[in-house]
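# Structural characterization, general
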Amino acid sequence: MTPAKGRVRGVSKNSAEARRKILDSATLIFGRQGFARTKTDEIADHAGYGQATVFFHFKTKAGLLEACLEDALARAKASLVPAEGSGTLDLMQRLDRAFDNSPTADLFARMLAEFGEDSAIHPLYADFHEHLRQLIAAELARETGTSGTRPYLAAAAILSMMVGVHAEQRLETKRIDRGQFRALLMAITRLVMADLGKPDGAGS
(Lines give C-alpha, C1' and ligand atoms only; values in the text may rest on other atoms or scores of the structure.)
Protein backbone atom coordinates (compact mmCIF):
# COMPACT_ATOMS: atom_id res chain seq x y z
CA MET A 1 0.00 0.00 0.00
CA THR A 2 1.64 3.21 -1.17
CA PRO A 3 0.96 6.31 0.94
CA ALA A 4 -0.25 9.48 -0.72
CA LYS A 5 2.41 12.03 -1.63
CA GLY A 6 2.69 15.37 0.13
CA ARG A 7 1.30 14.59 3.57
CA VAL A 8 -0.83 17.44 4.92
CA ARG A 9 0.25 18.66 8.35
CA GLY A 10 -2.38 19.43 11.01
CA VAL A 11 -6.05 19.41 10.05
CA SER A 12 -6.85 19.66 6.35
CA LYS A 13 -8.65 22.80 5.17
CA ASN A 14 -10.51 20.80 2.51
CA SER A 15 -12.80 18.91 4.85
CA ALA A 16 -14.81 16.93 2.26
CA GLU A 17 -11.73 15.80 0.34
CA ALA A 18 -9.90 14.78 3.51
CA ARG A 19 -12.88 12.78 4.76
CA ARG A 20 -13.23 11.00 1.42
CA LYS A 21 -9.53 10.08 1.21
CA ILE A 22 -9.43 8.85 4.80
CA LEU A 23 -12.54 6.70 4.30
CA ASP A 24 -11.10 5.19 1.12
CA SER A 25 -7.77 4.43 2.80
CA ALA A 26 -9.42 3.02 5.92
CA THR A 27 -11.78 0.80 3.88
CA LEU A 28 -8.81 -0.59 1.96
CA ILE A 29 -6.56 -1.18 4.97
CA PHE A 30 -9.23 -2.46 7.35
CA GLY A 31 -10.29 -4.89 4.62
CA ARG A 32 -6.75 -6.19 4.16
CA GLN A 33 -5.47 -6.25 7.72
CA GLY A 34 -8.51 -6.20 9.98
CA PHE A 35 -9.46 -3.67 12.64
CA ALA A 36 -7.19 -4.83 15.46
CA ARG A 37 -4.00 -4.91 13.37
CA THR A 38 -4.56 -1.51 11.75
CA LYS A 39 -3.24 1.71 13.34
CA THR A 40 -4.78 5.11 12.68
CA ASP A 41 -1.40 6.64 11.80
CA GLU A 42 -1.09 4.01 9.05
CA ILE A 43 -4.44 5.06 7.60
CA ALA A 44 -3.56 8.73 7.94
CA ASP A 45 -0.22 8.23 6.20
CA HIS A 46 -1.84 6.29 3.35
CA ALA A 47 -4.42 9.04 2.87
CA GLY A 48 -1.76 11.76 2.99
CA TYR A 49 -2.80 13.39 6.27
CA GLY A 50 -1.77 13.50 9.90
CA GLN A 51 -3.61 11.64 12.66
CA ALA A 52 -5.11 14.96 13.78
CA THR A 53 -7.25 15.00 10.64
CA VAL A 54 -8.45 11.44 11.23
CA PHE A 55 -9.51 12.19 14.80
CA PHE A 56 -11.01 15.56 13.82
CA HIS A 57 -13.42 13.83 11.43
CA PHE A 58 -14.06 10.49 13.16
CA LYS A 59 -13.12 11.03 16.85
CA THR A 60 -11.96 7.43 17.40
CA LYS A 61 -10.73 4.42 15.48
CA ALA A 62 -14.07 2.71 16.13
CA GLY A 63 -15.86 5.78 14.84
CA LEU A 64 -13.79 5.60 11.66
CA LEU A 65 -14.73 1.95 11.14
CA GLU A 66 -18.43 2.67 11.62
CA ALA A 67 -18.19 5.54 9.12
CA CYS A 68 -16.47 3.22 6.63
CA LEU A 69 -19.26 0.67 6.92
CA GLU A 70 -22.02 3.24 6.57
CA ASP A 71 -20.30 4.91 3.62
CA ALA A 72 -19.70 1.59 1.86
CA LEU A 73 -23.34 0.61 2.21
CA ALA A 74 -24.61 4.00 1.05
CA ARG A 75 -22.40 3.91 -2.05
CA ALA A 76 -23.29 0.30 -2.79
CA LYS A 77 -27.01 1.06 -2.52
CA ALA A 78 -26.68 4.04 -4.85
CA SER A 79 -24.85 1.98 -7.45
CA LEU A 80 -27.32 -0.92 -7.42
CA VAL A 81 -30.50 0.81 -8.53
CA PRO A 82 -31.59 -1.51 -11.37
CA ALA A 83 -32.54 -0.31 -14.81
CA GLU A 84 -36.29 -0.76 -15.08
CA GLY A 85 -37.12 -4.08 -16.67
CA SER A 86 -33.49 -5.20 -16.89
CA GLY A 87 -34.35 -8.72 -15.71
CA THR A 88 -33.33 -10.74 -12.69
CA LEU A 89 -30.32 -12.34 -14.37
CA ASP A 90 -28.96 -8.95 -15.39
CA LEU A 91 -29.47 -7.64 -11.86
CA MET A 92 -27.67 -10.63 -10.37
CA GLN A 93 -24.78 -10.22 -12.80
CA ARG A 94 -24.40 -6.60 -11.74
CA LEU A 95 -24.62 -7.50 -8.07
CA ASP A 96 -21.99 -10.16 -8.62
CA ARG A 97 -19.65 -7.70 -10.35
CA ALA A 98 -20.23 -5.06 -7.66
CA PHE A 99 -18.83 -7.38 -4.99
CA ASP A 100 -16.16 -9.09 -7.03
CA ASN A 101 -12.96 -8.67 -5.01
CA SER A 102 -13.76 -5.03 -4.19
CA PRO A 103 -12.41 -3.19 -1.11
CA THR A 104 -16.00 -3.02 0.16
CA ALA A 105 -16.44 -6.79 -0.07
CA ASP A 106 -13.08 -7.33 1.64
CA LEU A 107 -14.04 -4.91 4.42
CA PHE A 108 -17.32 -6.66 5.24
CA ALA A 109 -15.85 -10.14 5.02
CA ARG A 110 -12.97 -9.20 7.30
CA MET A 111 -15.14 -7.38 9.86
CA LEU A 112 -17.71 -10.18 10.04
CA ALA A 113 -14.93 -12.67 10.68
CA GLU A 114 -13.15 -10.46 13.21
CA PHE A 115 -16.05 -9.28 15.32
CA GLY A 116 -18.48 -12.20 15.19
CA GLU A 117 -22.16 -11.80 16.01
CA ASP A 118 -21.94 -9.15 18.73
CA SER A 119 -20.94 -6.26 16.51
CA ALA A 120 -22.23 -2.94 15.23
CA ILE A 121 -21.66 -4.27 11.73
CA HIS A 122 -24.59 -6.70 11.91
CA PRO A 123 -27.48 -4.18 11.88
CA LEU A 124 -25.79 -2.32 9.02
CA TYR A 125 -25.14 -5.49 7.08
CA ALA A 126 -28.68 -6.76 7.72
CA ASP A 127 -30.11 -3.48 6.45
CA PHE A 128 -28.05 -3.78 3.29
CA HIS A 129 -29.14 -7.37 2.70
CA GLU A 130 -32.76 -6.34 3.12
CA HIS A 131 -32.19 -3.65 0.49
CA LEU A 132 -30.81 -6.27 -1.90
CA ARG A 133 -33.66 -8.69 -1.20
CA GLN A 134 -36.17 -5.96 -2.02
CA LEU A 135 -34.38 -5.14 -5.30
CA ILE A 136 -34.31 -8.79 -6.37
CA ALA A 137 -37.90 -9.44 -5.22
CA ALA A 138 -39.22 -6.47 -7.20
CA GLU A 139 -37.54 -7.72 -10.37
CA LEU A 140 -38.74 -11.29 -9.81
CA ALA A 141 -42.32 -10.12 -9.28
CA ARG A 142 -42.21 -8.02 -12.45
CA GLU A 143 -40.60 -10.73 -14.54
CA THR A 144 -42.60 -13.75 -13.36
CA GLY A 145 -45.91 -12.11 -12.51
CA THR A 146 -45.98 -13.60 -9.03
CA SER A 147 -47.05 -11.70 -5.93
CA GLY A 148 -47.37 -12.03 -2.18
CA THR A 149 -44.47 -13.47 -0.21
CA ARG A 150 -43.20 -15.80 -2.95
CA PRO A 151 -40.97 -13.26 -4.78
CA TYR A 152 -39.49 -12.08 -1.48
CA LEU A 153 -38.72 -15.63 -0.30
CA ALA A 154 -37.25 -16.46 -3.72
CA ALA A 155 -35.12 -13.31 -3.53
CA ALA A 156 -33.94 -14.36 -0.06
CA ALA A 157 -32.93 -17.76 -1.46
CA ILE A 158 -31.02 -16.22 -4.38
CA LEU A 159 -29.23 -13.71 -2.13
CA SER A 160 -28.28 -16.43 0.35
CA MET A 161 -26.83 -18.46 -2.49
CA MET A 162 -24.88 -15.46 -3.79
CA VAL A 163 -23.40 -14.82 -0.35
CA GLY A 164 -22.53 -18.49 -0.05
CA VAL A 165 -21.00 -18.63 -3.52
CA HIS A 166 -18.84 -15.60 -2.77
CA ALA A 167 -17.73 -17.05 0.56
CA GLU A 168 -16.86 -20.33 -1.14
CA GLN A 169 -14.96 -18.46 -3.83
CA ARG A 170 -12.76 -16.84 -1.19
CA LEU A 171 -11.93 -20.26 0.25
CA GLU A 172 -11.59 -22.24 -2.96
CA THR A 173 -9.28 -20.48 -5.41
CA LYS A 174 -7.61 -23.42 -7.16
CA ARG A 175 -10.23 -26.00 -8.16
CA ILE A 176 -12.99 -23.62 -9.30
CA ASP A 177 -12.21 -20.40 -11.16
CA ARG A 178 -14.08 -17.10 -11.04
CA GLY A 179 -15.97 -17.76 -14.28
CA GLN A 180 -17.26 -21.08 -12.96
CA PHE A 181 -18.45 -19.44 -9.75
CA ARG A 182 -20.30 -16.81 -11.78
CA ALA A 183 -21.89 -19.49 -13.98
CA LEU A 184 -22.93 -21.37 -10.82
CA LEU A 185 -24.67 -18.27 -9.45
CA MET A 186 -26.53 -17.71 -12.71
CA ALA A 187 -27.59 -21.38 -12.86
CA ILE A 188 -28.92 -21.23 -9.30
CA THR A 189 -30.83 -18.04 -10.11
CA ARG A 190 -32.45 -19.70 -13.15
CA LEU A 191 -33.53 -22.68 -11.05
CA VAL A 192 -35.15 -20.45 -8.42
CA MET A 193 -36.88 -18.42 -11.12
CA ALA A 194 -38.18 -21.57 -12.78
CA ASP A 195 -39.57 -22.82 -9.47
CA LEU A 196 -41.14 -19.44 -8.80
CA GLY A 197 -42.86 -19.57 -12.17
CA LYS A 198 -44.73 -22.74 -11.21
CA PRO A 199 -48.26 -22.46 -9.79
CA ASP A 200 -48.36 -21.85 -6.04
CA GLY A 201 -47.83 -25.13 -4.23
CA ALA A 202 -46.42 -26.91 -7.30
CA GLY A 203 -42.79 -26.25 -6.48
CA SER A 204 -40.42 -28.96 -5.40
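Okay, so let's go over this structure. (Residues numbered from 1 in each chain as written. Predicted model: local features only at pLDDT ≥ 70, side-chain atom pairs only at ≥ 80, totals over all residues. Heavy atoms only, no water.)

## Concerning the packing of aromatic side chains
In total, this model carries one aromatic pair according to the counting rule given. Considering the side-chain rings of Phe30 and Phe35, the 5.6 Å spacing of their centres and the 35° angle between planes classify their relative orientation as tilted. Take Phe30: its relative accessible area is 0%, and that puts it in the buried class. Classification of Phe35 as buried rests on a relative accessible area of 16%. Its guanidinium or amino end placed over the ring of Phe35, Lys61 lies 4.4 Å from that ring's centre, counting from NZ or CZ. (Phe/Tyr/Trp six-rings, centres within 6.5 Å; stacked < 30°, edge-to-face > 60°. Buried < 20%, exposed > 50% of the residue type's maximum accessible area, 1.4 Å probe, protein only. Lys NZ or Arg CZ within 6 Å of the ring centre and 35° of its normal.)

## Details of helix α1 (residues 15-33)
Helix length check: α1 (19 residues) gives 26 Å between terminal C-alpha atoms against 27 Å at 1.5 Å per residue, within 8%. When α1 is considered as a whole, its buried residues turn out to be Ala18, Ile22, Leu23, Ser25, Ala26, Thr27, Ile29, Phe30, Gly31 and Gln33. (Helix = DSSP H or I, 4+ residues; strand = E, 2+ residues; numbered from the N terminus. Expected span 1.5 Å × (residues − 1).)

## Overview of the side chain of Arg178
Structurally, Arg178 can be placed in helix α9 (residues 178-196). Overall, the relative accessible area of 18% leaves Arg178 in the buried class. In this structure the side chain of Arg178 is engaged in a polar contact, spanning 2.8 Å, whose partner is the side chain of Asp96. (Polar contact = N/O pair within 3.5 Å; in protein donor to acceptor, adjacent residues only side chain to side chain.)

## Side note on unusual backbone geometry
The phi torsion at Lys59 lies on the positive side, around 70°, for a residue other than glycine. Summarising the element assignment, Lys59 is placed in the loop between α3 (51-58) and α4 (61-79).

## Some remarks on the packing of α4 against helix α6 (residues 103-115)
The N-to-C vectors of α4 and α6 enclose an angle of 135°; their axes lie 11 Å apart at closest approach. Judged by the angle between their axes, α4 and α6 are oblique. The two elements α4 and α6 cross, and the hand of that crossing is left-handed. On α6, the residues touching Leu65, Cys68, Leu69, Ala72 and Leu73 of α4 are Thr104, Leu107, Phe108, Met111 and Phe115. Residue classes in the contact of α4 with α6 are distributed as nine nonpolar, one polar and no charged. (Axes fitted to C-alpha atoms, helices over the stretch in contact; angles between N-to-C directions. Parallel < 35°, antiparallel > 145°, perpendicular 65-115°, else oblique. Left-handed = near helix turned anticlockwise from the far one by under 90°. Contact = heavy atoms within 4.5 Å. Nonpolar A, V, L, I, M, F, W, Y, C, P; charged D, E, K, R; others polar.)

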